[in-house]
Amino acid sequence: MSRAADRLKVVVNHLDRPSSFVQASTSGQNVAYYQPQALRYSFDNDLLSTEQRISYEEDGFLLIKGLVSGEDIDRFRAAFERICRREVQVPGLVVMRDVSIAKSEFVPDQKAISKLQDFQEEPELFRYCSLPQILNYVECFTGPNIMAMHTMLINKPPDTGNKTSRHPMHQDLHYFPFRPADRIVCSWTAMEKVNRQNGCLVVLPGSHHGTLKEHDYPEWEGGVNKMYHGVRDHDPNHPRVHLEMEKGDTVFFHPLLIHGSGKNQTQGFRKAISCHYASADCYYIDVRGTTQENIGQEVKEIAARKYAVDDVTFEDTWAVRGRLVQGERTNL
Ligand SMILES: CCCCCCCCCCCCCCCCC(=O)SCCNC(=O)CCNC(=O)[C@H](O)C(C)(C)COP(=O)(O)OP(=O)(O)OC[C@H]1O[C@@H](n2cnc3c(N)ncnc32)[C@H](O)[C@@H]1OP(=O)(O)O
Ligand SMILES: Nc1ncnc2c1ncn2[C@@H]1O[C@H](COP(=O)(O)OP(=O)(O)OP(=O)(O)O)[C@@H](O)[C@H]1O
Ligand SMILES: O=C(O)CCC(=O)C(=O)O
Ligand SMILES: [Fe+2]
Ligand SMILES: [Mg+2]
């Protein structure tokens, strides 16, 4: 029996989802197999192997080594540095500083910047979101109509000793007022070697099988960055995986996957570039009365302050930032 078929059995036993598989009898043994259509998290196409599809189904992430070239990464880094030196003005760009230095004097240097958000109007950085090799993978999860909904370049600073460089365990779906979750995917590319020392991604494999959990600010003594909500309670005994990656390696992960990143214990600034994609056929939801109401309110307040408007909705803040990168803008 092939390795893929072997893993199918494991997945079936592991997930215990009677409706998604059929019983088959081989050599007198009763064995459960997935039917092709029972793989709900990805589409059947020529790019993903059955093993890769099962792996995403089971774990909620898929790591592809060497997907982005060193040359491209160097160009993204140069664009980031131009922004840090304030040589360019980018409409809509959010430049974030770590909470531990947010109130100190401004230095126009990468050392003051822990994250860029919303670089959809910066052509060089946004090129990342349209790289054909990335979109080919994204399409496996979203289908052909693809929106780039959220863009980030994370420059995780050396921890100042307060542990504020940590990113609490969270599910990205908490921030998104659109569905269905299975048609949303994040691509996250290491811009240099990332490991436990400099605060690589940490994931709870399989956690995407659960539902969206309640998120809030973690009670950390040293402070927490604005809008860095964490899952209120996740099973501390769930196995964790530290995703150590080389420059250009890219991980695709599901928006319900619980993940975070540890503190950066080196003197370097750990860099990664990422984009959250969604099928343009997704639809907006009203988060009032749901666990997402708290983040919806915070984002609305920030948008209102930033753009001096008072009737902006949480959905609007996404609709204005989203950009079509493939196919047709049908809905979002
Ligand atoms: C169309 C409009 C869109 C509106 C934008 C809304 C943003 C939406 C974010 C959604 C995120 C989705 C992501 C999905 C993936 C999951 C995650 O990424 S989780 C983390 C998400 N959160 C963030 O990314 C935080 C983003 N940061 C910011 O938006 C800004 O940095 C900011 C915190 C709003 C501050 O920006 P700005 O107002 O420009 O900064 P200042 O004028 O210097 O400071 C104002 C005020 O805020 C304090 N401050 C600054 N930085 C921080 C910080 N890191 N933590 C806490 N507080 C901070 C600063 O001290 C000032 O305070 P004061 O008391 O008013 O002096
Ligand atoms: N004490 C804690 N309470 C809550 N969340 C934590 C705690 N320690 C780490 N985390 C979260 O777990 C994830 C990574 O943890 P990890 O243990 O790898 O990092 P670290 O504790 O910063 O560093 P390390 O354990 O490698 O010294 C991050 O999301 C981090 O925010
Ligand atoms: O790069 C990191 O540290 C994690 C970022 C992340 O998970 C996020 O911003 O949603
Ligand atoms: Fe995240
Ligand atoms: Mg730890």
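The structure reproduced in this document is the subject of the present report. (Residues numbered from 1 in each chain as written. Chains lettered and ligands numbered in written order. Predicted model: local features only at pLDDT ≥ 70, side-chain atom pairs only at ≥ 80, totals over all residues. Heavy atoms only, no water.)

## Observations regarding the site of ligand 2
Stage number 1. Close to ligand 2 lie 14 residues; His167, Arg196, Arg240, His242 and Lys263 are nearest.
Stage number 2. Within the side chain of Arg196, an N or O atom sits 2.6 Å from an oxygen atom of ligand 2.
Stage number 3. In isolation ligand 2 offers 590 Å² of accessible surface; the protein chains occlude 68% of this area.
Stage number 4. The pocket occupied by ligand 2, as judged from atoms lying within 2 Å of grid points, is the second largest pocket.
Stage number 5. Sorting the residues of the shell around ligand 2 by element identifies strand 7 (167-170) and strand 15 (259-261) as the ones contributing at least two each.
Stage number 6. Here the shell around ligand 2 takes 3 residues from strand 7, the largest share from any one element.
Stage number 7. Its residues placed into classes, the shell around ligand 2 shows 4 nonpolar, 6 polar and 4 charged. (Near = heavy atom within 4 Å. Polar contact = N/O pair within 3.5 Å; in protein donor to acceptor, adjacent residues only side chain to side chain. Areas by Shrake-Rupley, 256 points an atom, 1.4 Å probe, with all protein chains shown as cover. 1 Å grid on protein atoms, 1.4 Å probe; cavity = no way out; pocket = protein on both sides within 12 Å on 5 of 7 lines; lining within 4 Å. Sits in = over half its atoms within 2 Å of the grid points. Helix = DSSP H or I, 4+ residues; strand = E, 2+ residues; numbered from the N terminus. Nonpolar A, V, L, I, M, F, W, Y, C, P; charged D, E, K, R; others polar.)

## Brief notes about the environment of Thr291
Stage number 1. Mapped onto the elements of the fold, Thr291 is located in the loop between strand 17 (283-284) and helix 6 (293-307).
Stage number 2. The partly exposed category is assigned to Thr291, whose relative accessible area is 30%.
Stage number 3. In sequence terms Thr291 and His259 are 32 residues apart; their C-alpha atoms lie 18 Å from each other. (Buried < 20%, exposed > 50% of the residue type's maximum accessible area, 1.4 Å probe, protein only.)

## Structural notes on the nonpolar core
Stage number 1. Counting 39 residues, the largest nonpolar core has Leu125, Tyr128, Ile134, Phe252 and Tyr277 as the members making the most contacts within it.
Stage number 2. Of all the elements in the fold, those that place two or more residues in this core are strand 3 (61-64), helix 3 (70-84), helix 4 (123-130), helix 5 (132-142), strand 6 (146-156) and strand 16 (270-279).
Stage number 3. Not counting chain neighbours up to four residues away, the residues in contact with Tyr128 comprise Val68, Phe76, Ile134, Ser187, Trp188, Thr189, Thr250, Ile273, Ser274, Cys275 and Tyr277.
Stage number 4. Core analysis: the next-biggest nonpolar cluster, separate from the first, contains 19 residues, Phe178, Leu212, Ala280 and Val299 among them. (Core = buried A, V, L, I, M, F, W, Y, C linked by side-chain atoms within 4.5 Å. Contact = heavy atoms within 4.5 Å.)

## Thoughts on the coordination of the iron ion (ligand 4)
Stage number 1. At this site the iron ion (ligand 4) is bound by His170 (NE2), Asp172 (OD) and His259 (NE2), with donor distances of 2.1 to 2.2 Å.
Stage number 2. Here the donor residues of the iron ion (ligand 4) are spaced in sequence according to H-x1-D-x86-H. Of the two residues, Asp172 is situated in the loop between strand 7 and strand 8 (178-179) and His259 in strand 15; the sequence distance between them amounts to 87 residues. (Donors = N, O, S within 2.8 Å, 3.2 Å for Na, K, Ca; no water.)

## Digging into the sheet that holds strand 13 (residues 241-243)
Stage number 1. Pairing is antiparallel across the open sheet formed by 4 strands, whose spatial order is 7-15-10-13. Whereas interior strands pair on both sides, the edge strands pair on one side only; in this sheet they are strand 7 and strand 13. For this sheet the average axis-to-axis angle between neighbouring strands, irrespective of direction, equals 25°.
Stage number 2. Examined bridge by bridge, strand 10 (residues 201-203) and strand 13 share 3 bridges and lie antiparallel to one another. Across the sheet, the residue bridging to Val203 is Val241, located in strand 13. (Pairing = 2+ DSSP bridges. Axes fitted to C-alpha atoms, helices over the stretch in contact; angles between N-to-C directions.)

## Some details on the layout of surface pockets
Stage number 1. Volume-wise, the second largest pocket comes out at about 550 Å³.
Stage number 2. In terms of lining, the second largest pocket is formed by 24 residues, of which the most central are Arg166, His167, Pro168, Met169 and Trp220.
Stage number 3. A total of 3 residues in the lining of the second largest pocket trace back to one element, the largest contributor, which is strand 7.
Stage number 4. Tallied by class, residues from the lining of the second largest pocket come to 8 nonpolar, 9 polar and 7 charged. (Points joined across faces, edges and corners; volume = space filled by probe spheres on them.)

## Some details on the packing of aromatic side chains
Stage number 1. For the structure shown, the criterion picks out 8 aromatic pairs.
Stage number 2. Measuring from centroid to centroid gives 4.2 Å for Tyr56 and Phe141, while their planes differ by 35°, and the two rings are tilted. Within this pair, whereas Tyr56 is found in helix 2 (residues 50-59), its partner Phe141 is found in helix 5, the two being separated by 85 residues in sequence. In this structure, Tyr56 and Phe141 share a single accessibility class: buried.
Stage number 3. Between Phe176 and Trp318, the aromatic rings sit 5.3 Å apart at their centres with planes inclined by 85°, giving edge-to-face as the arrangement. A residue pair is termed long-range when its members are at least 10 positions apart, and Phe176 in the loop between strand 7 and strand 8 and Trp318 in helix 7 (residues 314-321) qualify at 142 residues.
Stage number 4. A relative accessible area of 2% places Phe176 in the buried class. (Phe/Tyr/Trp six-rings, centres within 6.5 Å; stacked < 30°, edge-to-face > 60°.)

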